[in-house]
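Coordinate analysis (summary)
Residues per chain, in single letters:
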Amino acid sequence: DTAVSQTPKYLVTQMGNDKSIKCEQNLGHDTMYWYKQDSKKFLKIMFSYNNKELIINETVPNRFSPKSPDKAHLNLHINSLELGDSAVYFCASALQGASSYNEQFFGPGTRLTVL
Amino acid sequence: GEDVEQSLFLSVREGDSSVINCTYTDSSSTYLYWYKQEPGAGLQLLTYIFSNMDMKQDQRLTVLLNKKDKHLSLRIADTQTGDSAIYFCAEIPGGTSYGKLTFGQGTILTVHP
C-alpha cells in the first residue's frame, strides 16, 4: 500500500533530451510538492500544487514544467536536460488543515543522471 | 532570511546519546521539524516542535528549542545502528503558506557497533 509513489526510480539519459517523472499519492491529500536533492544532499523545494493549482514556484529554469492532472498526481517534465539537472527528485504530499503542523509525506525519490 | 544550518557529520557508538544541532534565521516559523532520510529512501517526519515550546520528548527523542538563539537540537538516547541516517532540520518560514519547507544541509549520523 504505497502512499506516495514515483516512477521511474532511476532515469539515465543524454544531455538535451526531454524526460518526465510521475508522482501519485493515494492518501487523499490536496497538496503536492516537488523537491530537488543535489549531490551534497541539499534539499530545495521547486513547486507545489494545491487542488491542481500552482501555489509555490521557486526560481527554477523554465525547462522544468510541473503538471497536475488531478489532486492525486503531480508530474514533472524537464526539457533540454543539462548535466546540472542530475539529482534526486522527491515528490511529497500533505493535507492542508489536517494537522496544525503540516506533515509532508515523501515518495522514495527518482535518481536522474544526465550524461 | 531562510537559512537553516546544521553540522554535516556525527559519529557515535551504539548505546551512546547523539545530539544533532541546527540554527535557523526565521523567528516567525510556527513549527520546526526533524526529518529522517534512510539510505536510498525518501524523508520521513521524525518529530516536530511548536515554536512556543522549549522542549518536547517522544520516547528516545528529545527536541530542545532556544528561540532567543534560534537554536534547535535533537537528542537521540541509546542510539542504535538502525538510527544511522541523514537528519534534516526544517522550518516553514513565517508568511509562507502551504508548507514551503526550508531544510538544513542534513547531518549524516553514523552509529558504530
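Rules used in this analysis
Residues numbered from 1 in each chain as written. Chains lettered and ligands numbered in written order. Predicted model: local features only at pLDDT ≥ 70, side-chain atom pairs only at ≥ 80, totals over all residues. Heavy atoms only, no water. Contact = heavy atoms within 4.5 Å. Buried area = accessible area lost by both parts, 1.4 Å probe. Salt bridge = Lys/Arg side-chain N within 4 Å of Asp/Glu carboxyl O. Polar contact = N/O pair within 3.5 Å; in protein donor to acceptor, adjacent residues only side chain to side chain. Helix = DSSP H or I, 4+ residues; strand = E, 2+ residues; numbered from the N terminus. Nonpolar A, V, L, I, M, F, W, Y, C, P; charged D, E, K, R; others polar. Pairing = 2+ DSSP bridges. Axes fitted to C-alpha atoms, helices over the stretch in contact; angles between N-to-C directions. Buried < 20%, exposed > 50% of the residue type's maximum accessible area, 1.4 Å probe, protein only. Core = buried A, V, L, I, M, F, W, Y, C linked by side-chain atoms within 4.5 Å. Phe/Tyr/Trp six-rings, centres within 6.5 Å; stacked < 30°, edge-to-face > 60°. Lys NZ or Arg CZ within 6 Å of the ring centre and 35° of its normal.

Facing 21 residues of chain B, the contacting portion of chain A comprises 24 residues. Between chain B and chain A the total buried area reaches about 1,800 Å² when both faces are included, carbon and sulfur atoms providing 62% of it. The three residues of chain B that bury the most area against chain A are Y98, K100 and F103 of chain B, which together make up 31% of that side's buried surface. Between chain B and chain A we count 1 salt bridge in total. Two residues, K100 of chain B and E58 of chain A, come together in a salt bridge whose shortest N-O distance is 3.0 Å. Scanning the region where chain B abuts chain A turns up 3 residue pairs in polar contact (both at pLDDT 80 or more). Within the residue set of the side of chain B that touches chain A, elements represented by two or more residues are β4 (31-37), β5 (43-50) and β9 (85-91) of chain B. It is β4 of chain B that provides the largest number of residues to the side of chain B that touches chain A, a total of 4 residues. Of the residues that constitute the side of chain B that touches chain A, the class distribution is 13 nonpolar, 7 polar and 1 charged.

Residues and elements named next belong to chain B. Read from one edge to the other, the open sheet built from 5 strands follows the order β1-β3-β8-β7-β6, with strand pairing classed as antiparallel. Whereas interior strands pair on both sides, the edge strands pair on one side only; in this sheet they are β1 (4-6) and β6 (55-58). Along the sheet, successive strands turn relative to each other by an average axial angle of 15 degrees, direction set aside.

Here T31 of chain A shows up in strand β4 (residues 31-37). Only 3.2 Å separates the side chain of T31 of chain A from the side chain of Q96 of chain A, close enough to count as a polar contact. Setting aside its immediate chain neighbours within four residues, T31 of chain A contacts S48, Y49, N50, I55, A92, S93, A94 and Q96 of chain A together with Y98 of chain B.

Enumeration according to the criterion identifies 6 salt bridges over all chains in this entry. We note a salt bridge from D83 of chain B to R60 of chain B, for which the minimum N-O separation is 2.9 Å. In this pair, D83 of chain B sits in the loop between β8 (71-76) and β9 while R60 of chain B sits in the loop between β6 and β7 (61-66), placing the two residues 23 residues apart along the sequence. Residue D83 of chain B is classed as buried on the basis of its relative accessible area, which comes to 7%. One salt-bridge network, in which partners are shared between bridges, spans R63, E82 and D85 of chain A.

Among the nonpolar cores identified, the biggest contains 22 residues, and Y35 and F106 of chain A together with Y33, Y35, L101 and F103 of chain B are the most heavily contacted of them. When residues of this core are traced back to their parent elements, those giving at least two are β4, β5 (43-50) and β9 (87-94) of chain A together with β4, β5 and β9 of chain B. For this core, the element with the most residues is β9 of chain A, which contributes 4 residues. Setting aside chain neighbours within four positions, we find Y33 of chain B in contact with Y101 and N102 of chain A together with L45, T47, Y48, L72, F88, C89, A90, E91, I92 and L101 of chain B.

Looking now at the sheet that holds strand β1 (residues 4-7) of chain A. Residues and elements named next belong to chain A. With antiparallel pairing, 4 strands are arranged side by side in an open sheet as β1-β3-β8-β7. At either margin of the open sheet sits one strand with a lone partner, and together these are β1 and β7 (64-70). Sheet twist, expressed as the mean angle between neighbouring strand axes with direction ignored, is 20 degrees. Bridge count between strand β3 (residues 19-25) and strand β8 (residues 73-78): 4 bridges; the pairing is antiparallel. Each bridged residue has a counterpart across the sheet, and for S20 the counterpart in β8 is H77.

Before going further, it helps to spend a moment on the packing of aromatic side chains. To describe a pair of aromatic rings, one takes the distance between the centres and the angle between the planes. Inspection of every chain in the model, using the stated rule, returns 12 aromatic pairs over all chains. A centroid spacing of 5.9 Å and a plane angle of 80 degrees characterise the contact between F88 of chain B and F103 of chain B, whose relative ring orientation is edge-to-face. Separated by 15 residues along the polypeptide, F88 of chain B in strand β9 and F103 of chain B in strand β10 (residues 102-103) bring together distant segments of the chain. Of the two residues, F88 of chain B and F103 of chain B, both sit in the buried class. Grouped by ring-pair contacts, the aromatic residues Y33, Y35 and F106 of chain A together with Y31, Y33, Y35, Y48, F50, F88 and F103 of chain B constitute a single cluster. Here the guanidinium or amino end of K56 of chain B rests over the ring plane of Y48 of chain B, the centre of that ring lying 3.5 Å away.

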